[in-house]
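Spelled out from the first residue to the last, the chains are:
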Amino acid sequence: MGRALVMGNWKMNLDYVEAVHLVQQLGVLASSRPLEHVDIAVVPPFVDLRSVTSVVESERVPLTVGAQHVHPLESGAHTGEISAPMLRRLGVTWVLVGHSERRQMYAMTDEVVAQTLQSATRQGLAGVLCVGEALEVRESGRHLGVVADQLRSALEGLNEAQRELVTIAYEPIWAIGTGLTAATPQVREMTEQIRVVAQSLSLADVRVLYGGSVNADNAASLVNEGSLDGFLVGGASLKAESFWAICEAAEDCYSGRAK
Ligand code: PGA
C-alpha cells in the first residue's frame, strides 16, 4: 500500500510573486491538517522555480517541486531550452515528460518523449510520463491501443534504476481544461490497462495518476473508484483551496485503505 501523489501543473500561469504566495498558502493549509498518506508536488513555470524551491525549503512546506519540460541534452546551443542538471541544481525533483500540450503544440513526437524520459531519469529526475488519447481516437475505440503504444515507446529501454523514477499520468486530451472529466469507468479501464502494460515492461509498482478537469467535486469519486494513485491537476491547482481539497480527497481515500 503506497502513498498517493497529487501534482499541480500550473502551466503558463502565476509569476514568481504569485507562486510564492500560493506555496505559502499551501504551507498554512498543510500545517492545519498534515496529510499522512499523500505526497504533494507543484510544477511551476521555469522562472518561478528558484523562488518556489527557496520558500519550500525556508518555510519547510511539505511539498516537492517539478518542472513542466526539460531538454534531453545536458548543455549546448539550444536557445530557450533548460537541462536536467540545471533543474536538479535548483532542488527540482520531478519533470513532466510528454504532456499533451507539448506533444500537440511543440511537435514532441513519441521519439522525443522517449529520449527525454531516458535522459531525465538517467540524470536523476523523477519523470512523470504523460499519455492519453485524442477525442477522435476514443470515439473510434482505439484508445487502449494508442495509449499502450505511447507507453511502450517511452518505457522500453529504461534500466532498473530509471524505471524506479517513473510515474505515469493518464490524461485524455479531450478532458484537459475542458471541464469534461472522463467517467470513472473510463478512467478505471485505462489505469488498469496501464498497469498491465507497465508490468510487461518490468514496471511493477508504478504510480498511475489521472489528469483532466479534476476538481474539488470529482476528486473523491475518481480516487475511490478509478484505480488511481493520485492526480495531475491543472486549472484547479492554481488556487490553494481547490488544490488542497483534491489533496484531502486523496488523503481520505488512502487513510481509509490503510486501516
Ligand atoms: P486540467 O489540466 O486539470 O486543467 O484539465 C490537467 C493537465 O493538463 O495536467
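Attention in this report is confined to the structure presented alongside it. (Residues numbered from 1 in each chain as written. Predicted model: local features only at pLDDT ≥ 70, side-chain atom pairs only at ≥ 80, totals over all residues. Heavy atoms only, no water.)

In the contact formed by helix 7 (residues 143–155) and helix 9 (residues 184–200), the axes pass within 10 Å of each other and the chain directions differ by 35°. Here helix 7 and helix 9 pass one another in a crossing that is right-handed. For the pair formed by helix 7 and helix 9, the contact residues are His143, Leu144, Val147, Ala148, Leu151 and Arg152 on the first element and Glu189, Met190, Gln193, Ile194 and Val197 on the second. The residue makeup of the contact of helix 7 with helix 9, split by class, is 7 nonpolar, 2 polar and 2 charged. (Axes fitted to C-alpha atoms, helices over the stretch in contact; angles between N-to-C directions. Helix = DSSP H or I, 4+ residues; strand = E, 2+ residues; numbered from the N terminus. Left-handed = near helix turned anticlockwise from the far one by under 90°. Contact = heavy atoms within 4.5 Å. Nonpolar A, V, L, I, M, F, W, Y, C, P; charged D, E, K, R; others polar.)

What you see with strand 4 (residues 94–97) is no split at all: Trp94 and Leu96 on one side and Val95 and Val97 on the other are buried throughout. Bridge count for strand 3 (residues 64–67) against strand 4 is 2 bridges, and the pairing is parallel. Note that in strand 4 the partner of Gly66 across the bridge is Trp94. Remark: the strand 3/helix 3 (residues 84–89)/strand 4 crossover connection has right-handed handedness. The sheet contact formed by strand 4 and strand 5 (residues 126–131) spans 4 bridges and is parallel. Among the inter-strand pairings, Leu96 is bridged to a residue of strand 5, identified as Val128. (Buried < 20%, exposed > 50% of the residue type's maximum accessible area, 1.4 Å probe, protein only. Pairing = 2+ DSSP bridges. Right-handed = clockwise from strand over helix to strand, strands pointing away.)

Before going further, it helps to spend a moment on the nonpolar core. Core analysis: the biggest nonpolar cluster contains 73 residues, and Val6, Leu151, Leu155, Ile168, Ile194, Tyr210 and Phe231 have the highest contact counts within it. Considering each element in turn, this core owes the most residues, 9 residues, to helix 11 (residues 240–258). Core analysis: the second largest hydrophobic core is formed by 12 residues, Trp94, Leu96, Ala169 and Leu209 among them. (Core = buried A, V, L, I, M, F, W, Y, C linked by side-chain atoms within 4.5 Å.)

Time to look at the site of the ligand. For the ligand, the set of nearby residues contains 13 residues, the closest of which are Lys11, His99, Glu171, Gly177 and Ser213. For the ligand, an oxygen atom lies 2.7 Å from a polar atom in the side chain of Glu171. At 2.8 Å from an oxygen atom of the ligand is found a main-chain nitrogen or oxygen belonging to Gly234. A total of 280 Å² of accessible area belongs to the ligand in isolation, and the protein chains cover 95% of it. Considering only residue class, the shell around the ligand consists of 4 nonpolar, 7 polar and 2 charged. (Near = heavy atom within 4 Å. Polar contact = N/O pair within 3.5 Å; in protein donor to acceptor, adjacent residues only side chain to side chain. Areas by Shrake-Rupley, 256 points an atom, 1.4 Å probe, with all protein chains shown as cover.)

The next subject is the pattern of salt bridges. Where charged atoms from two side chains of opposite charge come close, those side chains can pair. Evaluation of the coordinates by the stated rule reveals 10 salt bridges. One salt bridge connects Arg3 with Asp39, and the closest N-O pair in it is separated by 2.8 Å. In this pair, Arg3 sits in the segment before strand 1 (4–9) while Asp39 sits in strand 2 (residues 38–43), placing the two residues 36 residues apart along the sequence. Under the relative-accessibility criterion, Arg3 is labelled partly exposed at 35%. (Salt bridge = Lys/Arg side-chain N within 4 Å of Asp/Glu carboxyl O.)

The terminal C-alpha atoms of helix 5 (residues 110–122), which comprises 13 residues, lie 18 Å apart, in line with the 18 Å expected from a rise of 1.5 Å per residue. By the burial criterion, the buried members of helix 5 are Val113, Ala114, Thr116, Leu117, Gln118, Ser119, Ala120 and Thr121. Residues of helix 5 that are buried in the fold lie against strand 4, helix 4 (100–105), strand 5, helix 7, helix 8 (160–163) and strand 6 (166–170). Gly124 sits one or two positions beyond helix 5 and adopts a positive phi of about 90°. (Expected span 1.5 Å × (residues − 1).)

For Ser237, the location among the structural elements is in the loop between strand 8 (230–233) and helix 11. Under the relative-accessibility criterion, Ser237 is labelled buried at 1%. A polar contact of 3.3 Å, which involves the side chain of Ser237, links it to the backbone oxygen of Val233. Not counting chain neighbours up to four residues away, the residues in contact with Ser237 comprise Gly8, Asn9, Trp10, Leu22 and Phe243.

The subject of this paragraph is the packing of helix 1 (residues 16–32) against helix 2 (residues 49–58). Look at helix 1 against helix 2: their axes get within 9 Å of each other, and the N-to-C directions meet at 25°. In terms of axis orientation, helix 1 runs roughly parallel to helix 2. Handedness of the crossing formed by helix 1 with helix 2: right-handed. Facing helix 1, whose interface residues are Tyr16, Ala19, Val20, Val23 and Gln24, helix 2 presents Ser51, Val52, Val55 and Val56. Classifying every residue of the contact of helix 1 with helix 2 by side-chain character gives 7 nonpolar, 2 polar and no charged. (Parallel < 35°, antiparallel > 145°, perpendicular 65-115°, else oblique.)

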